[in-house]
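Each chain, written out:
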Amino acid sequence: MARLLLVFPILLLFACHNSGEKPTLVYFAGEIVNPTSSHVVLYKNDVVVDSAILDDKNRFAFNLNEVKEGLYHFDHSPQYQYVYLEHGDSLIIRLNASPEYFDESLVFSGNGSDINNFMIEMFLAFEDEEPLVYSYYKLHPEEFSKKIDSLRQMKLDVLNDLVASNELSEGAIKTAKAAIDYNTYLDKEVYPFYHKKKTGEEVFHELDKEFYAYRKNIDHNNGELAFFRPYYDFMKNHFGNLAYMECYENCGMESITAKERLHYNKHKLGLVDSLVKVEDLRNVLFRNIAMDYLLKEHMANEDCDKFISKFAQLSNNERHINEINDLYRGIQNLQPESTLPNLEFLNTQGEKVAVHDIVGKKQTVFYFWSGDQRGHFKNVGKQIQKLKKSHPTHKFVGINLHTPHAKWVQMVREHRMDTLNQFRGEDFEEVQRAFIISSLNKCVIAKDTLVVDAFANLYTSF
Ligand SMILES: [Zn+2]
């Protein structure tokens with residue numbers, strides 16, 4: 001689960017005090033093989049609960065008193081995973097932090113490990129099934145539903161066995177079930193769109209009520225799960241689907257053209273506003289819709305102004321509102337003909353080089369990669385080779401993010417990359433903010449220190 005995208009930002013340190021009930025100690029410790037950072041941070045939703053530094057044997061430990069029972073996540077930058085904590089738990093993890101092993105290697109032992117190992121097992125099962133499910137999207141709705149339902153049932157059977165042989169709390173069972181259900185329901189929410197795309201059908205395939213029968217089981221107001229990826233992803237796509245279908249059927253929208261985007265996204269904000277009452281969840285969904293809109297629109301115009309004021313009316317999270325305003329400011333600064341932001345990168349010698357000194361008279365294409373994302377690194381390498389041939393007058397400049405200096409230099413040498421055109425961004429967040437890196441395939445095209453297209457894509461813009 002490496003992340004280079006805009007993620008939940010980190011909040012301030014937070015301590016929790018409930019006064020005198022039953023013993024509430026929770027012990028959560030572990031050993032990290034091949035650590036990628038010096039510490040482990042424990043979160044409840046987007047709030048830091050505690051952080052621990054690895055000792056000389058790469059071990060960490062949390063002694064938590066009086067924390068709320070439920071779902072947490074721990075972050076060993078740049079990766080994270082969930083952990084379910086209950087009072088009296090004494091959990092030990094072992095994991096290999098190399099990106100290719102992180103999730104697969106994670107094993108829990110001790111008190112509380114059953115539910116946590118189950119959650120990891122489900123996470124990996126869904127990940128493994130992805131290509132299979134993808135191949136099902138071309139099937140007719142009834143057939144698709146049947147396949148998806150049977151995958152779900154297999155997982156429920158495993159859960160039922162676990163419930164029968166262990167004393168899981170009600171909360172743990174609910175969370176495990178939510179992991180199964182929302183991952184499954186997500187596949188159904190996106191079905192109409194993927195089906196249309198995969199089959200080439202001209203209109204959305206007619207779906208009867210039965211197809212969406214699961215919707216009666218969904219909880220639009222589960223604040224406990226607001227930051228749980230399967231639930232959050234489901235909700236995002238659910239509202240995307242609801243808004244799209246409503247606009248399609250009732251608002252005369254045929255597809256989301258640039259002109260319709262404002263209407264569609266305002267419609268989506270309105271749906272969240274009417275169906276979601278839990279504050280945390282409302283706010284993260286509003287934030288997601290706003291990010292999505294501004295990044296797709298990536299313009300500075302009246303529609304964006306209108307949209308942002310609607311968003312600011314609905315969200316009551318000041319941090320999100322500031323973040324969206326910052327993003328919009330960043331987008332405004334990257335419009336064509338603007339001067340490139342004043343960034344500095346490091347060359348392989350470790351010297352600082354101003355972005356303005358990298359761009360020349362030629363069109364210069366900045367692309368981004370990270371040592372953690374090997375698949376992406378390989379693909380981008382191939383794509384750049386192709387583009388160099390088809391666009392011989394362009395200059396292609398790779399910006400590495402998120403890889404320690406020595407490792408980056410080693411990768412550049414190993415792959416015989418042109419050291420004159422490879423740089424490293426030291427402050428990931430600064431580069432991400434200035435260049436608005438919202439997708440791995442994004443690139444920024446500049447010439448003579450001016451922006452040509454700051455929202456180009458390596459695969460579709462050339
Ligand atoms: Zn509409």
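Everything discussed here concerns the structure shown above.
These remarks concern the structure in this document. (Residues numbered from 1 in each chain as written. Predicted model: local features only at pLDDT ≥ 70, side-chain atom pairs only at ≥ 80, totals over all residues.)

Re the overall build of the protein chain
Right, on to step 1. Helix and strand content of the protein chain: 13 helices and 15 strands.
Right, on to step 2. The globule rule puts the C-alpha radius of gyration for 462 residues at 23 Å, and the 24 Å found for the protein chain is close to it.
Right, on to step 3. Burial statistics for the protein chain: of 462 residues in total, 33% are counted as buried.
Right, on to step 4. Of the contacts made within the protein chain by residues no fewer than 6 positions apart, 67% connect residues no fewer than 24 positions apart. (Helix = DSSP H or I, 4+ residues; strand = E, 2+ residues; numbered from the N terminus. Rg over C-alpha atoms; globule rule 2.2 N^0.38 Å. Buried ≥ 20, exposed ≤ 12 C-beta atoms within 10 Å, placed from the backbone. Contact = placed C-beta atoms within 7 Å.)

So, the packing of helix H5 (residues 229-250) against helix H6 (residues 258-275)
Right, on to step 1. Between H5 and H6, whose axes approach to 9 Å, the crossing angle comes to 120 degrees. Relative to H6, the element H5 is oriented oblique. Like other packed secondary-structure pairs, H5 and H6 cross with a definite hand, here right-handed. Taking contact as the criterion, the partners of Phe239, Gly240, Leu242, Ala243, Glu246 and Cys247 in H5 are, on H6, His263, Tyr264, His267, Lys268, Leu271 and Val272.
Right, on to step 2. A breakdown of the residues in the contact of H5 with H6 according to their chemical character gives seven nonpolar, three polar and two charged. (Axes fitted to C-alpha atoms, helices over the stretch in contact; angles between N-to-C directions. Parallel < 35°, antiparallel > 145°, perpendicular 65-115°, else oblique. Left-handed = near helix turned anticlockwise from the far one by under 90°. Nonpolar A, V, L, I, M, F, W, Y, C, P; charged D, E, K, R; others polar.)

A word on the sheet that holds strand S6 (residues 79-85)
Two orientations exist for strands paired in a sheet by backbone hydrogen bonds: parallel and antiparallel.
Right, on to step 1. Taken in spatial order, the four strands line up as S3-S2-S5-S6 in an open sheet, and their pairing is antiparallel. Whereas interior strands pair on both sides, the edge strands pair on one side only; in this sheet they are strand S3 (47-53) and S6. The average angle at which neighbouring strand axes cross in this sheet is 25 degrees, direction not considered.
Right, on to step 2. Pairing of strand S2 (residues 39-44) with S3 involves six bridges; the strand directions are antiparallel. (Pairing = 2+ DSSP bridges.)

Here we look at the pairing of strand S7 (residues 90-96)
Right, on to step 1. By the alternation rule, side chains of S7 split into Leu91, Ile93 and Leu95, which are all buried, and Ser90, Ile92, Arg94 and Asn96, of which none is buried.
Right, on to step 2. Bridge count between S7 and strand S8 (residues 107-111): five bridges; the pairing is antiparallel. Of the residues in S8, the one forming a bridge with Ile93 is Phe108.

Let's talk about the sheet that holds strand S4 (residues 59-64)
Right, on to step 1. Reading across from one edge, S4-S1-S7-S8 is the order of the four strands in this open sheet, with mixed pairing throughout. Where the open sheet ends on each side, the last strands, each with one partner, are S4 and S8. This sheet shows a mean twist of 15 degrees between the axes of neighbouring strands, independent of strand direction.
Right, on to step 2. Bridging between strand S1 (residues 26-33) and S7 involves seven bridges; their strand directions are parallel. In the strand pairing of S7, Ala29 is matched with Ile92.
Right, on to step 3. Against the sheet, helix H2 (residues 113-136) makes contact with S7 and S8, and its axis sits at roughly 165 degrees relative to S8, the strand it touches most.

Some points on the nonpolar core
Right, on to step 1. Judged by nonpolar contacts, the single largest core of 66 residues is most densely connected at Tyr72, Tyr84, Met119, Ala176 and Leu285.
Right, on to step 2. When near neighbours in sequence (up to four residues on either side) are disregarded, Tyr84 contacts Leu71, Ile115, Asn116, Met119, Ala172 and Thr175.
Right, on to step 3. Counting 32 residues, the second-largest nonpolar core is a separate cluster that includes Val359, Trp369, Ile399 and Val444. (Core = buried A, V, L, I, M, F, W, Y, C linked by C-beta atoms within 7 Å.)

Side note on helix H12 (residues 405-414)
Right, on to step 1. All of the buried residues in H12 are Trp408, Val409 and Val412. Projected down its long axis, H12 carries its buried residues within an arc of 100 degrees, all on one side. Of the exposed residues in H12, the ones pointing more than 90 degrees away from its buried face are Ala406, Lys407, Arg413 and Glu414.
Right, on to step 2. Next to the buried residues of H12 lie strand S12 (395-400) and strand S13 (422-424).
Right, on to step 3. Once H12 ends, the next one or two residues include Arg416, with phi positive near 50 degrees. (Arc of directions from axis to C-beta.)

Re unusual backbone geometry
Right, on to step 1. Here the bond from Ser77 into Pro78 is cis, since omega is 5 degrees, no more than 30 degrees from zero.
Right, on to step 2. Secondary-structure assignment places Pro78 in the loop between strand S5 (70-76) and S6.
Right, on to step 3. The backbone phi angle of Glu337 is positive, close to 80 degrees, even though this residue is not glycine.
Right, on to step 4. Judged by local crowding, Glu337 falls into the exposed class, with 7 C-beta atoms found within 10 Å.

Remarks on helix H7 (residues 279-297)
Right, on to step 1. Here H7 spans 27 Å end to end across 19 residues, near enough to the 27 Å set by a 1.5 Å rise per residue.
Right, on to step 2. Along H7, the residues that are buried comprise Leu281, Arg282, Asn283, Val284, Leu285, Phe286, Arg287, Asn288, Ile289, Ala290, Tyr293 and Leu294.
Right, on to step 3. As for H7, its buried residues are in contact with H5, H6, helix H8 (302-314) and helix H9 (318-333).
Right, on to step 4. Once H7 finishes, His298 follows within two positions and takes phi at roughly 30 degrees, a positive value. (Expected span 1.5 Å × (residues − 1).)

Quick word on the packing of H7 against H9
Right, on to step 1. Look at H7 against H9: their axes get within 10 Å of each other, and the N-to-C directions meet at 5 degrees. By the criterion of interaxial angle, the relationship of H7 to H9 is roughly parallel. Here Asn283, Arg287, Ala290, Met291 and Leu294 of H7 come into contact with H9, specifically with His320, Ile324, Leu327, Tyr328 and Ile331.
Right, on to step 2. Of the residues belonging to the contact of H7 with H9, the class tally is seven nonpolar, two polar and one charged.

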